[in-house]
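Letter by letter, the chains look like this.
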Amino acid sequence: MDKRQTANRGLLEWVDSMVVAAVLLALVFTFGVRIVQVDGTSMNPGLQDGERLLLSSLPYEPEYGDVVVIDSYTDYGKLLIKRVIGMEGDVIDIDFQTGVVYRNGQPLDEPYTAEPTYLSEGVAFPLTVPDGMLFIMGDNRNNSKDSRSPEIGCVSAGDVLGQAVLRLTPFDKFGAIS
């Protein structure tokens, strides 16, 4: 084999490796993870407007307290990044005088919120979360459009794109989302 054939073979191997890497990366971002951007202040203080998050899109069962991303195909028409407060069968109640949220009669310990929940958006409480649905709320309770609003209400668990697991930007805040 001469030098030219060796160089061409090396180039073809390099191109082949890059194509395989690009295809694998595309598959991972299509079926495994996505990057989403926080839009607005509804998840303050934990998540800020403009931050980019890594979303795990693998098959997933939401749990209480998880930060999830809801598909923009909902009636609200926008991607929603909120926290899971209630799941099917749960009874959610909110005392808007004291700002306390209750799930099944128990007050929630919510150290992640900006302030107590004083703002009612029009949904009547107590509310039983329907089958296959989730009750979601932003952490900035008095500046969040969430399941308290008839415009959003309880959302289908099937509309959950995944769980926000990692803050990517800004780089000085890089890390897991709690």
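Everything below is about the structure shown above.
Our subject in this report is the structure included herewith. None of these values were measured; they are calculated from a predicted model. (Residues numbered from 1 in each chain as written. Predicted model: local features only at pLDDT ≥ 70, side-chain atom pairs only at ≥ 80, totals over all residues. Heavy atoms only, no water.)

Topic: the overall build of the protein
Scanning the protein from N- to C-terminus turns up one helix and 12 strands. Reading the protein from its N end, one meets helices and strands in the order α-β-β-β-β-β-β-β-β-β-β-β-β. In the protein, 58% of the contacts between residues at least 6 apart in sequence involve partners at least 24 apart. Here the protein displays about 10,100 Å² of accessible surface, and carbon together with sulfur accounts for 56% of that area. (Helix = DSSP H or I, 4+ residues; strand = E, 2+ residues; numbered from the N terminus. Contact = heavy atoms within 4.5 Å. Areas by Shrake-Rupley, 256 points an atom, 1.4 Å probe, with all protein chains shown as cover.)

Structural notes on the sheet that holds strand β5 (residues 91-95)
The pairing of strands in a sheet happens through backbone hydrogen bonds and is either parallel or antiparallel. Spatially, the four strands line up as an open sheet ordered β7-β6-β5-β8, and their pairing is antiparallel. Strands with a single pairing partner mark the edges of an open sheet, and in this sheet they are β7 (106-107) and β8 (127-128). Inspection of the sheet shows β5 paired to strand β6 (residues 100-103) by four bridges, in the antiparallel sense. Note that in β6 the partner of Ile94 across the bridge is Val101. (Pairing = 2+ DSSP bridges.)

A word on the pairing of β5
By the alternation rule, side chains of β5 split into Ile92 and Ile94, which are all buried, and Val91, Asp93 and Asp95, of which none is buried. Alignment of β5 against β8, held across two bridges, turns out to be antiparallel. Bridge assignment links Ile92 to a residue of β8, and that residue is Leu127. Following β5, the chain reverses through four residues before pairing antiparallel with β6; Gly99 in that reversal takes a positive phi of roughly 80 degrees. (Buried < 20%, exposed > 50% of the residue type's maximum accessible area, 1.4 Å probe, protein only.)

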